[in-house]
Amino acid sequence: MKYPTVTNFINGEYGAANGQLLDVYSPLNGDLISKVPLSSAEVVDQAVIAAQQAFPDWAKTPTKERVQVFYQYKYLLDKHLDELAALITEENGKTIEEAKAEIKKSIEVTEFACSLPQLTSGEVEQVSKGVECRSEYHPLGVVVSITPFNFPNMVPNWTIPNALALGNTMILKPSEQVPLSANRVADLLAEAGLPKGVFNVVHGSREAVEALCDHPGIKAITFVGSTKVAKIVYRRATANLKRALTLGGAKNHLIVLPDANEEMTASNVAASMSGCAGQRCMAASVMIAVGPVDGIIEKLCEEARKIIPGKNLGGIISKEAKERIEGYITEAEAQGAKILVDGRGVVVEGKENGYYVGPTVIDYVTPDMRIAREEVFGPVLSIIRVSSVDEAIEIENSSNYGNAAAVFTQSGGLARYVAERVSAGMIGVNIGVPVPREPFSFGGWNESKFGSGDITGKSSIEFWTKLKKTTTKWNPEAKTNWMS
Ligand code: NAD
């Protein structure tokens with residue numbers, strides 16, 4: 001094993017492994033690289049106690065002082081960019097360039113957190129003669145962030161800088177498939193000067209998550225992962241009277257109109273379906289080809305063929321995930337779809353035990369096929385052919401998900417027509433991966449997100465805080481007791 005067994009990080013210290021251990025394999029070559037503890041409710045309780053003890057002092061620290069830690073943290077993310085990226089690549093399988101891009105997004109979110117003193121100064125107004133109302137943001141207490149495998153550094157950082165800069169203390173429960181990056185985040189936060197107990201990491205899976213949802217000492221939970229688990233966590237956390245925001249899976253549609261710029265569309269669609277080996281919630285999954293767009297499809301296939309597993313295409317998280325993805329392709333083929341580029345059965349020289357699926361483009365998929373409706377989470381693009389824009393919108397609208405949607409066209413009017421009618425939280429016009437950048441917030445619609453508000457940007461301020469409203473009167477001469 002290249003790395004020692006991962007341990008939990010509680011109250012500024014790494015503790016001994018607790019509970020059953022799970023093997024951690026690198027998707028790059030199938031090597032066993034570490035083991036991770038599947039923590040019990042008892043460990044969750046220890047972490048909650050540490051975070052509760054750290055809360056009063058941290059909450060009292062002025063925001064301007066709290067964010068000093070994050071200026072330092074941003075510097076450390078930058079300083080350790082290469083090392084952090086190498087670790088992400090090893091445990092998640094994505095390419096080094098993709099891993100670096102992920103950390104750069106963590107840096108951007110951290111920069112936003114550093115601006116929070118400017119955004120959370122509260123409000124004050126004289127509401128009637130001699131009477132003043134003021135509102136202030138207050139932290140909630142101990143909060144939790146539960147994260148998926150596909151962005152081991154960025155998704156935890158969607159929540160950590162904002163929640164902590166706003167005065168909360170946190171327990172991170174990272175994906176058991178990528179536990180190593182989470183502990184490096186803990187190291188860097190400690191090095192940046194974060195007091196003990198403000199940030200804790202509890203490793204594990206279902207048992208730990210259920211204990212977090214049930215623990216009475218926890219005030220709020222965010223979750224990012226599959227829709228199936230997002231629903232479970234949302235229901236369980238809110239049933240226990242916690243604030244919850246749970247982000248789920250996706251099935252993103254890219255609507256390509258005949259007047260779209262061929263080159264730009266082909267390269268954007270290819271990058272969107274294959275980036276991070278299709279294992280991102282913003283990936284293009286279905287391209288809806290409106291009318292005659294064969295030139296674009298041809299170029300798209302050319303682009304896809306330039307994407308080589310093990311070179312500019314990373315691995316799939318596990319052997320089971322690889323088999324699941326290949327199963328979707330085989331089923332679509334059996335149902336009559338035409339495979340234009342086939343990524344099944346890929347073996348990378350020197351990495352024969354790695355988990356790879358090559359870029360796959362499938363034409364003549366129909367909306368009723370499983371591959372057209374379910375999240376595939378691999379570098380696979382289904383093309384559905386339609387003859388009108390309205391038909392394309394109808395197909396997009398029929399999806400249970402609603403994370404992202406995009407339209408490719410040269411016509412401003414048509415772009416607007418589509419953007420107004422698609423049912424998704426993040427829309428791209430001639431952009432294949434329409435991730436909003438700070439201070440805009442990230443979050444989908446429909447079964448891609450449960451709870452109100454978004455997870456990053458300005459919208460997250462409301463989630464991580466509660467407002468205190470104080471009404472003050474210093475004019476005894478005013479005889480009225482109310483609305484003076
Ligand atoms: P997952 O749902 O399997 O796991 C996410 C987290 O839930 C992990 O920490 C895991 O330990 C925990 N978990 C798993 N099963 C559980 C259970 N039965 N009860 C309680 N907790 C459980 O997701 P994943 O496979 O790690 O990540 C991929 C998914 O995440 C995809 O569906 C992808 O679309 C989604 N995702 C969504 C967004 C978004 O912003 N909407 C971003 C990234 C990933």
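Definitions and cut-offs
Counting restarts for each chain: residues are numbered from 1 in the order of the written sequence. Local features in this predicted model are restricted to residues of pLDDT 70 or higher, and side-chain atom pairs are both shown and tallied only at a pLDDT of 80 or more, whereas totals for entire chains, interfaces and linings draw on every residue. Hydrogens and waters are ignored; side-chain quantities use all the structure's heavy atoms. One heavy atom within 4 Å of a molecule or strand is enough for the residue carrying it to be called near that molecule or strand. In protein, a polar contact requires one atom able to donate a hydrogen and another able to accept it; more generally it is a pair of N or O atoms within 3.5 Å, and residues adjacent in sequence count only if both atoms are side-chain atoms. Surface accessibility follows the Shrake-Rupley procedure with a 1.4 Å probe radius. Residue values consider only the protein chains on display as shielding. In this description a helix means any DSSP run of H or I spanning at least four residues, a strand means any run of E spanning at least two, and both kinds are numbered starting from the N terminus. The rule for pairing is simple: two strands pair if DSSP sees at least two bridges between them. Axis definition: a line fit to C-alpha positions, over the contact stretch in the case of helices; interaxial angles, taken between N-to-C directions, run 0 to 180 degrees. We call a residue buried when its accessible area falls under 20% of the maximum for its residue type, exposed when it is over 50%, and partly exposed in between, using a 1.4 Å probe and counting protein chains only. With the strands aimed away from the viewer, a crossover counts as right-handed if its path from the first strand over the helix to the second runs clockwise. Where each domain starts and ends comes from a domain assignment, either automatic or drawn from a database. Pairs of residues are marked as contacts when any of their non-hydrogen atoms sit within 4.5 Å. As used here, buried area is the combined drop in accessible area, with a 1.4 Å probe, of two parts when they are placed together. Nonpolar residues are Ala, Val, Leu, Ile, Met, Phe, Trp, Tyr, Cys and Pro. Charged residues are Asp, Glu, Lys and Arg, and all others, Gly as well, are polar.

Caption draft 1: Highlighting the site of the ligand. Taken together, the neighbourhood of the ligand is formed by 29 residues, with K173, E176, S226, G248 and E375 sitting nearest. Contact distances for the ligand include 2.6 Å between an oxygen atom and a side-chain N or O atom of S226. Protein chains shield 89% of the accessible area of the ligand, which is 840 Å² for the free molecule. Sorting the residues of the shell around the ligand by element identifies α8 (206-214) and β10 (218-224) as the ones contributing at least two each.

Caption draft 2: Expanded view of the sheet that holds strand β12 (residues 252-256). Pairing is mixed across the open sheet formed by 7 strands, whose spatial order is β14-β15-β16-β13-β12-β17-β18. A strand with exactly one partner marks an edge of an open sheet, and here the two such strands are β14 (338-341) and β18 (426-429). Here the average twist between neighbouring strands, direction ignored, is 20 degrees. Here 4 bridges tie β12 to strand β17 (residues 404-408), and the two strands are oriented parallel to one another. From the neighbouring strand, V256 faces β17, where its bridge partner is F408.

Caption draft 3: Fine view of the sheet that holds strand β6 (residues 131-139). Ordered by their spatial adjacency, 3 strands build an open sheet running β5-β6-β20, and the pairing between neighbours is antiparallel. Lying at the two open borders of the sheet, with one neighbouring strand each, are β5 (123-128) and β20 (465-473). Averaged over all pairs of adjacent strands, the angle between strand axes in this sheet comes to 25 degrees, irrespective of strand direction. Pairing geometry for β5 and β6, over 5 bridges, is antiparallel. Paired with V124 across the bridge in β6 is R134.

Caption draft 4: Broad picture of the pairing of β12. Burial runs high along β12: 5 of the 5 residues are buried. Going residue by residue along β12, you find N252, L254 and V256 tucked away on one face and H253 and I255 tucked away on the opposite face as well. In this region the chain leaves β12, passes through helix α10 (residues 262-274) and returns to the parallel neighbour strand β13 (residues 284-290); the handedness of that crossover is right-handed.

Caption draft 5: Local environment of the domain arrangement of the protein chain. Domain boundaries in the protein chain define domain 1 (8-249 + 443-469) and domain 2 (252-400 + 404-429). For domain 1 versus domain 2, the distance between C-alpha centres works out to 31 Å. Tallying the contact residues gives 23 residues for domain 1 and 26 residues for domain 2. Of the roughly 1800 Å² buried where domain 1 meets domain 2, counting both sides, 57% is carbon and sulfur surface. At the junction of domain 1 and domain 2, the tally comes to 7 residue pairs in polar contact (both at pLDDT 80 or more). Its residues placed into classes, the side of domain 1 that touches domain 2 shows 7 nonpolar, 12 polar and 4 charged.

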